[in-house]
Amino acid sequence: MPQGKIDVNDQTATLTIKNSPPIAKNLSEIIAFYCLLVGSDVFANDSTCFILQFEDQLWLIPEEARGAHQLKKILTANTMQAKETIGLINHLPASWRKKFLLIPGIDPDLKLLQPSELDKISSQIEIIENKSLEDVI
Amino acid sequence: MQPQKDSVTVAIPAHDTNEGLNFLESLTAGNIGAGTKMTSFGNTIPSIRQEYKLLIEKFERDLHTRQTKGTQPKELARWAVNERKQIAKKMRARQGGGSQIVLELRDNFKYGLGGRSYENLEKRALKQGIPEIEIPEALLKKATKPNSGISKAAIDGAKFLKHGGRVVVVISITATAYTLLTAPEDQLEQILYQEAGGIAGGVVGGGTAVGLCILFGIATSGWGLLACGVIGGGAGGIAGAEAGSRIYLLKEEYIQNSDIGKNGFEVYDPSKFSKSLQ
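Everything in this summary refers to the structure shown in the same document. Because the structure is a prediction, the values reported are computed rather than measured.

**Side note on the environment of A:Ala24**
Residues and elements named next belong to chain A.
Logical step 1: Along the polypeptide, Ala24 turns up in strand β3 (residues 23-26).
Logical step 2: Judged by relative accessible area, Ala24 falls into the exposed class, the value being 56%.
Logical step 3: Considered as a pair, Ala24 and Leu92 are 68 residues apart in the sequence and their alpha carbons are 25 Å apart.
Logical step 4: Once you skip the residues sitting within four places of it in the chain, Ala24 turns out to touch Ala13 and Thr14.

What follows is the structure, given as structure tokens:
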């Protein structure tokens, strides 16, 4: 399980990453969010993660992070549907993944990223049109 | 020996010329195995994709039938998780032993002994803080969410493996044929054992390396995947050739210590024959 956690209530989200001070944001500041279905069970590299896009930063939240279950409930609320993008992607960039003995692993890590990092994956996402967030998480 | 103009000199791990030649011969044998395995991969992956699609469609129909019959949520989730596990296992088996072992090990490492069993997934869900009453629904959604299956990138990679694998085989066969044709007669048998071991090692090494590269997303299409197979095949070939050589030496030792080895012939003992009839 990733180190750190996300705490969410109706108004705010707080990201706590190991060895860093907590970062709090209002949910209204979320410009968009992505639900990425990564990899495939056939190749044993499947996972799910969320990207919360703010004006000045991205939050990468693996589905198995502490607090992600509460985040899912907030994201599936009606008020957030206009901002959602659900997509398939084969692999996340190596710098987004948990490391195993300094080697990039397979699963997503809990991370704070620069907004420009989204460019690494934007052309690789295969958007799923006919499913809602509640169907996939 | 002076290097020629426009030539490339590559260092190889060997103490002398003979050792160097043995190393290169192991690599070519390994690449015959790897090339064969990669060609097979290239042919298999598109058909795996097709079969996977059909199995998932059947799974969705069966799930709908069970939901309509009013199957209890936990029982439904358990069935769905197990079905998806079996489908993935079947598709992995189609990729060959090396890849299958890597992928099953990965699941056991991530989810615990038993891999993606309902019990293991349930434990993980509890650790994530999902209330116990919500777990069956959460696991059912996990089992039914879309994934890329065999993605377009894997299909593109398969084309490279199919054609590139054949090229690797042709180049390597030429080198191996030369080795066999020019080998001194008294060494030919041992070399055959080494070549056979190298080819077998190359099949395993090439398949495992391609599986690992796809798993980690190191190189999932094109030249990168081919390179993975060649490197893995080379490593497997060296290990396999060494194993082949050892098997040959063990066989020689056995023969030398047997009747044939000691006397040059085996003594006929009629009592052994009559005993075998009883």
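Moving on, there is more to tell.
**Here we look at the sheet that holds strand β2 (residues 12-16) of chain A**
Residue and element names in this part refer to chain A.
Logical step 1: One open sheet holds the 3 strands; their spatial order is β1-β2-β3, and the pairing between them is antiparallel. Strand pairing shows two members of the sheet lacking a second neighbour, β1 (5-8) and β3, which therefore form its edges. The average angle at which neighbouring strand axes cross in this sheet is 20°, direction not considered.

**Regarding the layout of surface pockets**
Logical step 1: If you add up the space inside the largest pocket, you get close to 810 Å³.
Logical step 2: Along its surface, the largest pocket is lined by 28 residues, and A:Lys98, A:Phe100, A:Asp107, B:Arg106 and B:Phe109 are the ones closest to its centre.
Logical step 3: Among the elements that make up the lining of the largest pocket, the one with the highest residue count is helix α3 (residues 97-111) of chain B (6 residues).
Logical step 4: Looking at side-chain class alone, the lining of the largest pocket contains 15 nonpolar, 3 polar and 10 charged residues.

**A closer look at the pairing of strand β4 (residues 32-38) of chain A**
Residue and element names in this part refer to chain A.
Logical step 1: The buried count for β4 comes to 7 of 7 residues, which makes it a mostly enclosed element.
Logical step 2: Residues Ala32, Tyr34, Leu36 and Val38 point to one face of β4 and Phe33, Cys35 and Leu37 to the other, with burial holding for every one of them.
Logical step 3: Here 7 bridges tie β4 to strand β5 (residues 47-53), and the two strands are oriented antiparallel to one another. Considered in β5, the bridge of Leu37 is made with Thr48.
Logical step 4: The pairing of β4 with strand β7 (residues 84-89) spans 6 bridges and is classified as parallel. The residue of β7 that forms the bridge with Phe33 is Glu84.

**A short note on the nonpolar core**
Logical step 1: Judged by nonpolar contacts, the single largest core of 39 residues is most densely connected at B:Met38, B:Ile150, B:Leu161 and B:Val210.
Logical step 2: Elements with a contribution of two residues or more to this core: α1 (17-68), α2 (73-94), α4 (118-127), α5 (135-144), α6 (152-182), α7 (185-216) and α8 (223-257) of chain B.
Logical step 3: No other element matches the 9 residues that α1(B) contributes to this core.
Logical step 4: Those residues in contact with B:Val210 that lie beyond four places of it in its chain are B:Met38, B:Phe41, B:Leu161, B:Leu225 and B:Gly229.
Logical step 5: Counting residues in each nonpolar core, the second largest holds 28 residues, with A:Ala13, A:Leu15, A:Phe33 and A:Ile61 among its members.

**Quick notes on the state of the cysteines**
Residues and elements named next belong to chain B.
Logical step 1: Applying the stated rule across the entire model yields 1 disulfide over all chains.
Logical step 2: Two residues, Cys213 and Cys228, share a disulfide whose sulfurs are 1.8 Å apart. Where Cys213 bonds to Cys228 through sulfur, the torsion about that S-S bond is close to -85°, and the disulfide is left-handed. With Cys213 in helix α7 and Cys228 in helix α8, this residue pair connects regions lying 15 residues apart in the sequence. Cys228 matches Cys213 in its accessibility class, with the two residues each being buried.

Analysis parameters
Residues numbered from 1 in each chain as written. Chains lettered and ligands numbered in written order. Predicted model: local features only at pLDDT ≥ 70, side-chain atom pairs only at ≥ 80, totals over all residues. Heavy atoms only, no water. Helix = DSSP H or I, 4+ residues; strand = E, 2+ residues; numbered from the N terminus. Buried < 20%, exposed > 50% of the residue type's maximum accessible area, 1.4 Å probe, protein only. Contact = heavy atoms within 4.5 Å. Pairing = 2+ DSSP bridges. Axes fitted to C-alpha atoms, helices over the stretch in contact; angles between N-to-C directions. 1 Å grid on protein atoms, 1.4 Å probe; cavity = no way out; pocket = protein on both sides within 12 Å on 5 of 7 lines; lining within 4 Å. Points joined across faces, edges and corners; volume = space filled by probe spheres on them. Nonpolar A, V, L, I, M, F, W, Y, C, P; charged D, E, K, R; others polar. Core = buried A, V, L, I, M, F, W, Y, C linked by side-chain atoms within 4.5 Å. Disulfide = S-S within 2.5 Å.

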